[in-house]
Structure formats: C-alpha cells, structure tokens
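Secondary and tertiary structure notes
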Amino acid sequence: MSLVRRVVLDTSTLVGAALKPGSVPHQALLVAVASGDVCASVQTWLELEKVMRHRRFDRYLARGVRLEFAAMLRQCMHFFAVTPADEAEVQPPCRDASDNKFLALVQVCQADVLVSSDDDLLVMNPWRGVPVLRPAEFLAFQGAPR
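Cut-offs used in this document
- Residues numbered from 1 in each chain as written.
- Predicted model: local features only at pLDDT ≥ 70, side-chain atom pairs only at ≥ 80, totals over all residues.
- Heavy atoms only, no water.
- Helix = DSSP H or I, 4+ residues; strand = E, 2+ residues; numbered from the N terminus.
- Expected span 1.5 Å × (residues − 1).
- Buried < 20%, exposed > 50% of the residue type's maximum accessible area, 1.4 Å probe, protein only.
- Arc of directions from axis to C-beta.
- Contact = heavy atoms within 4.5 Å.
- Polar contact = N/O pair within 3.5 Å; in protein donor to acceptor, adjacent residues only side chain to side chain.

1. Considerations on helix α4 (residues 63-76)
- Taking 1.5 Å of rise per residue, the 14 residues of α4 would be expected to cover 20 Å, and the 20 Å separating its terminal C-alpha atoms lies within 8% of that figure.
- Within α4, burial applies to Arg66, Phe69, Ala70 and Leu73. Buried residues in α4, looked at end-on, bunch into an arc of 95°, giving them a common side. Looking at α4, the residues exposed on the side facing more than 90 degrees away from the buried face are Glu68, Met72 and Gln75.
- Taken together, the buried residues of α4 touch α1 (11-19), α2 (24-35), α3 (42-52) and β3 (77-79).

In structure tokens form, the structure reads like this:
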C-alpha cells in the first residue's frame, strides 16, 4: 500500500464523483479525503464551481444538489495560492493549456499524485516525477478495495 500526503483531483474526476455516488471517481475522492490532503487553488475551484452549474448535468443530478456537494467538498479542501506566473512556468505544459492550472497546483502544493479523468493530463504521466493516474489507478495505488 502506498499512502500519499497531498492529492490533486481534476474537475472531471470531481464532477464524476458528484454525479454518481459509489462510482470509481467517488471512491477515489473518499480515499483521498480520508488518507491525505485534497489540494485546490482558486483557479481549480472556480472551474469546478462553473462546471457544476452547467445545465447539461441537470438530468443526472439537480443543480442545487451539485452545488451543495461542491460546497461540502470545499470544506475538505486545502487551498494553495497559485499565481499566473506559476501557471506560465509549467514545464512541460499540457497540450490543453487550460489544464496547466492543475499542473501548477501540483507543483505549488508539492502533490504526491494528480488524479484525472482527462486524457490531456493522463498522457503526461508521470509529470515531473508525479504520477498522473485515473481514479481506478489511484485506488489501486492506495491499496483501496473497489
């Protein structure tokens, strides 16, 4: 079993956790909260909050419930200041520049792992020595039952 101290979960993973309780992304979130610090920045948080407001998710879960989930999650997160300069200095950068905010956060908070469901981030595994794992891989990495 490999325990991590600091975890960054990207927006796609957190949305998956919110929309489907019991899913692999939801399990990964629970393990991350229980075993270490779930790290965020203002930039990553604002993206999550914006995405949780999208109407396209209304058929899966009521908007109010999604926003309540996000508010509860915010209480569990450890926030780190990530500057525009931190994002600009991400090397190597992600092929989707909008995902550089997660890499900058990984660097600033000295994360042990980045958990993602986004192929643009997953192809970077490992990024500067930090594993970039799918939620299921993170669960295996942590030795958690699925």
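2. A short note on the side chain of lysine 101
- Locating lysine 101 in the fold gives a position in helix α6 (residues 100-109).
- Here the side chain of lysine 101 touches glutamate 47 through a polar contact of 3.0 Å, side chain to side chain.
- Setting aside residues up to four positions removed in sequence, lysine 101 forms contacts with Gln43, Thr44, Glu47 and Glu87.

3. Observations regarding the environment of arginine 59
- Among the secondary structure elements, arginine 59 is positioned in the loop between α3 and α4.
- On the basis of relative accessibility, which here comes to 69%, the residue arginine 59 falls in the exposed class.
- Between the C-alpha atom of arginine 59 and that of phenylalanine 69, which follows or precedes it by 10 residues, the distance is 16 Å.
- There is a polar contact of 3.0 Å between the side chain of arginine 59 and the side chain of tyrosine 60.

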